Every structure is written in C-alpha cells, then in structure tokens.
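Given next are the chains, with one letter for each unit.
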Amino acid sequence: MDVLYGVRMMGPLAPYARGLAGELARLGFTEFSARCQLGLAAHLSRWLAAAGLGTAALTTPVAEAYLAARRAAGYTAYLTPKALGPLLGYLRGLGVAPQAGIAAPATPAEVLLEEYRCYLLAERGLQATVARGYVDSVRSFVARCAGAGSADLGQLTVGEVTAFLVGESQRLAPKTAQRLATALRSLLRFWHLQGLISGPLDQAVPKVANRRPGLPRPLEPRQVQALLASCDRGTADGRRDLAMLTLLARMGLRAGEVAGLRLDDVDWRLGEITIAGKGNRRDKLPLPADAGEAMAGYLRHGRPSAALDRSVFIRIKAPHRGLTSGGVTQAVAAAARRAGLGTIYAHRLRHSAATAILAEGGSLAEIGQVLRHRRLHTTAAYTKVSIEALRALARPWPGAS
C-alpha cells in the first residue's frame, strides 16, 4: 500500500502508483490535478479488487462498466472515458492493460463506410476529423441502400438518391443539408470509381437552397484591436492567445492551420512560416513582424517547458499537448467575451484579414494569394463587402437627377 499526495492506494493498481505519479508529473499535471488522478486510480483499484479483477482485465468494456458504477454511486466528477485517459495510457504503455481495441466492421454498411473513409484519407488527403465528418454524414444513406452488401448498390437509382436528400432536407438546417449533399456527392463519385454503381449518380444529388445572403462577416478594425487588447500579456495563456489571434487576423489563417503549426515550420532567419493547409497542401508565407514578435514572446515566456510534442501552441492545462482547432476557436470566443463583442469565432478573423487587404487597395488576386484560395470564384465573395467599389457598377435610378 502506497500513500502519495495524500491518496492511499490499495488493490491491483497499488504497484503502479509511484510510476503513475511520475508519469503525471512528466505530463505537466499540477499537484492538485495529480492528486485527483491518483484518487480516481485508487477508486478504480478498489472497484477492481471488489470484482476480483486485475489490471489485465482493464478492457474498454470493463472501464465503461466502472464509470457506470461510479455514476450510479453518486460521484459527480471524472465520469467519462477521457478522465481515465492518463491512467489507462500509462498502464497500456507498460503492457499490463489491454490496448484499446478497434472493432472490425461487422456489417456490409460498415465495410462500405470504412472503405470510403480510407479513400478520403489516402486519395483525397483529408484530415482524420474531416473524413470522420463526411462518413458520419452519409452513414444513414449507406445503411439504407447497402442492403446485403456492395452487390445491391448496382440497383441504386436517381430517384432513390434524390428522394433521400429531399427527405433529409425537411428536418435539417440548410447548412447541415448542404454538408450532407456535399458528402453524398463525394460518396457517389467514389462508388462510381469503384464500379459499384451503374453511373455517375453524384450528378443526381440536388443542390440545397440557402436563402441566407452568404456575405463574409468581417470584424471592424477596432473590434480586432479589442480582441488583441483583451489578451493579458503578463500570463502564459495570454501570450499564447495573443500570438494565435495575431496570426488569424494578420495572415488570415484557419483555426486548424494555427493548431497545426510546428516549431520546425517557422524559419526565423528568413522570416517565413510554412502553413499546412487543406488537402495536405504546404505553403511558405512571409511572417509579419507583429505576428513574429507575438510568437517569439510566447515561445520564450509562455510555452510549457514540459510540452509533449513540437506543436507551437500548447494546452495550458496538463497534459501539455498541442492545441486542436477547437481549442483555437475557443480561445477566440473567450477573447471576444472578454472584449464585450459577443459570440465571435476564428473564421471571422480570416474574413477580416481579407477585407483589410481590400480596404488598403489590394486586388482580389492578392486576397486569393494570402488566403491561398484555389479558385478565383471563392475569392470573388469579397467583392460584395466593399460598398464603395460596388457603387461604380450600380446603374442610376430612373428619374434621379
């Protein structure tokens, strides 16, 4: 029996208590957080002992059963699989707990979905999270039309494709229905390439009407300055958020591109930064002086020394891993609340960077280069936000003097 951080460890996990404490310290957990994690491990160890189980029995279903028992006992914290992540990760690393199993596709529909997911990752170059979104969007369609397997797909008709999307659009918001239509076209193109369907049925997917104007929604310069000013330069998280917000506002980066920055992507001598964008595309761009200063300030005086990877922007709370795109977006939303601007997310700063170029006399081609658009049609949306530029195209009102 060990007593660490005031936590008494008994049962099958007791031999691993000191090692777990060391791993928590390596991951950057504070003393309080480590005590909570060890308390959770002690509770799990007692539960295992009462059930007559050892560490070798800590499979995913057993961990879920423990969490269900913890919830039933009235506990209000550490009730999700994420809470057990540090403990299970440590035990699995030692080889004393089973690795998390990945279930093989069990039905014909699941097989088709897995093949589509692999195609999106390998052939289309999508990120894993994006590919998962596409797969989840078409899951009900695949389950409906797969039947006994891929042999049934040859009987798929234009009417069935159209009827599915029309039916779904009656219950989905316009934007969600648009995403479904995009994913459905992608799936049908893949099936056509595989020879699973009789023709290019992606052309049968109707367009989803969206009556919203679809104009970019940039922030005003004073609002951007308010966001930057809301970051406390005296704290580690404030320096980090200032650097991220400056990159978003000055370079028009996407949240995922900021989250994906690695230390090796910044060439300080040349003043360049390499951006990993959509479709595994990598672009070298000049690093603005103010963005570089903000990044340097964070790297010198804010980035955790115990960072677990080479991501530029690291979680403040342990484990100190790289931020996700969601973390970047949450940082923007928090800055907006501090600045009294309401709800603002990261992509509006991308719009702000584009309209700032336009306001300074820049061309659409220059905006497209900064935002790294592949098609001029995408950049053309910014012509709608310059009222003064559009006045020259307006015809005079009949009868006006």
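Structure first, text after, so check above.
Thresholds applied
Residues numbered from 1 in each chain as written. Predicted model: local features only at pLDDT ≥ 70, side-chain atom pairs only at ≥ 80, totals over all residues. Heavy atoms only, no water. Helix = DSSP H or I, 4+ residues; strand = E, 2+ residues; numbered from the N terminus. Buried < 20%, exposed > 50% of the residue type's maximum accessible area, 1.4 Å probe, protein only. Contact = heavy atoms within 4.5 Å. Areas by Shrake-Rupley, 256 points an atom, 1.4 Å probe, with all protein chains shown as cover. Lys, Arg positive; Asp, Glu negative; His and termini not counted. Charge placed at Lys NZ, Arg CZ, Asp CG, Glu CD. Polar contact = N/O pair within 3.5 Å; in protein donor to acceptor, adjacent residues only side chain to side chain. Phe/Tyr/Trp six-rings, centres within 6.5 Å; stacked < 30°, edge-to-face > 60°. Core = buried A, V, L, I, M, F, W, Y, C linked by side-chain atoms within 4.5 Å. Salt bridge = Lys/Arg side-chain N within 4 Å of Asp/Glu carboxyl O. Pairing = 2+ DSSP bridges.

**Student:** Can you break down the overall build of the chain residue by residue, with the values?
**Tutor:** Along the chain, the regular secondary structure elements total 17 helices and 5 strands. For the chain, the spread of C-alpha atoms along the principal axes amounts to about 90 × 65 × 40 Å. Per-residue burial for the chain yields a buried fraction of 40% across its 401 residues. Taking the contacts inside the chain whose residues are at least 6 apart along the sequence as the reference set, 58% of them involve residues at least 24 apart. Summed over all atoms, the accessible surface of the chain reaches about 22,200 Å², with 54% contributed by carbon and sulfur. Charged side chains of the chain number 51 positive and 29 negative; the gap between the two group centres comes to 4 Å.

**Student:** Which residues make up the environment of Thr 30, and what values do they have?
**Tutor:** Secondary-structure assignment places Thr 30 in the loop between α1 (17–27) and α2 (31–51). For the pair Thr 30 and Leu 341, spaced 311 residues apart in sequence, the C-alpha to C-alpha distance is 33 Å. Looking at Thr 30, its side chain comes within polar contact range of the side chain of Ser 33, at 3.1 Å.

**Student:** Go over the packing of aromatic side chains, please, and point to the residues and values.
**Tutor:** Following the criterion strictly, the structure yields 7 aromatic pairs and no others. Considering the side-chain rings of Phe 141 and Phe 164, the 4.9 Å spacing of their centres and the 55° angle between planes classify their relative orientation as tilted. Placement of Phe 141 in helix α6 (residues 128–146) and of Phe 164 in helix α7 (residues 158–169) is noted, with a sequence separation of 23 residues between them. Both residues of the pair, Phe 141 and Phe 164, belong to the buried class.

**Student:** Pulling in residues and values, what's your account of the side chain of His 373?
**Tutor:** Topologically, His 373 is positioned in the loop between α15 (364–371) and α16 (376–379). For His 373, the contacting residues outside a window of four places in its chain are Arg 350, Gly 368, Thr 378, Thr 379 and Tyr 382.

**Student:** Describe the nonpolar core, naming the residues involved and giving the relevant values.
**Tutor:** Where a protein is soluble and globular, its nonpolar side chains tend to be buried together. Within the largest apolar cluster, 39 residues are counted, with the highest numbers of intra-cluster contacts made by Leu 247, Ile 273, Met 295, Phe 313 and Leu 349. Looking at this core, the elements with two or more residues in it are α9 (221–229), α10 (236–251), α11 (255–259), β4 (272–276), α12 (289–301) and α13 (325–338). Of the residues forming this core, the biggest block, 8 residues, is contributed by α10. Contact partners of Met 295, with chain neighbours within four places excluded, come to Ala 243, Leu 247, Val 266, Trp 268, Ile 273, Leu 287, Val 312 and Phe 313.

**Student:** Can you lay out the pattern of salt bridges for me, pointing to particular residues and giving the numbers?
**Tutor:** Considering all chains together, one arrives at 13 salt bridges under this definition. With its nearest N and O atoms 2.9 Å apart, the salt bridge here joins Arg 222 to Glu 220. Residue Arg 222 is classed as exposed on the basis of its relative accessible area of 58%. Between Asp 290 and Arg 250 there is a salt bridge, with the nearest N and O atoms lying 2.9 Å from each other. Here Asp 290, found in helix α12, pairs with Arg 250, found in helix α10; they are 40 residues apart in sequence, far enough to count as distant. Residue Asp 290 is classed as partly exposed on the basis of its relative accessible area of 34%. A residue is classified by how much of its surface remains accessible, and Arg 250, at 43% relative accessible area, is partly exposed. A cluster of three or more residues bridged by salt bridges with shared partners is formed by Arg 254, Glu 257 and Arg 372.

**Student:** Kindly report on the pairing of strand β5 (residues 282–286), identifying the contributing residues and their values.
**Tutor:** Where burial is concerned, the two faces of β5 differ: the one with Asp 283 and Leu 285 is buried and the one with Arg 282, Lys 284 and Pro 286 is not. Examined bridge by bridge, β4 and β5 share 5 bridges and lie antiparallel to one another. Within β5, the position partnered with Glu 272 by the bridge is Pro 286.

**Student:** Residues and numbers for the environment of Phe 313, please.
**Tutor:** For Phe 313, the location among the structural elements is in the loop between α12 and α13. Expressed as a C-alpha distance, the spacing of Phe 313 and Arg 262, which sit 51 residues apart in the sequence, is 8.3 Å. Excluding its chain neighbours within four sequence positions, the residues that come into contact with Phe 313 are Arg 240, Ala 243, Met 244, Leu 247, Val 258, Leu 261, Met 295, Tyr 298, Arg 321, Gly 322 and Leu 323.

**Student:** Which residues make up the environment of Ala 109, and what are the values?
**Tutor:** Here Ala 109 shows up in helix α5 (residues 108–122). Considering only alpha carbons, one finds Ala 109 and Ala 143, 34 residues apart in sequence, at a separation of 5.3 Å.

**Student:** Got a sec to walk through the side chain of Ser 352? Specific residues and values, please.
**Tutor:** By secondary structure assignment, the location of Ser 352 is in helix α14 (residues 347–359). Residue classification places Ser 352 among the buried residues on the basis of a relative accessible area of 6%. Here the side chain of Ser 352 touches Arg 348 through a polar contact of 2.8 Å, landing on its backbone oxygen. In contact with Ser 352, other than residues within four places in its own chain, are Pro 218, Leu 219 and Val 224.

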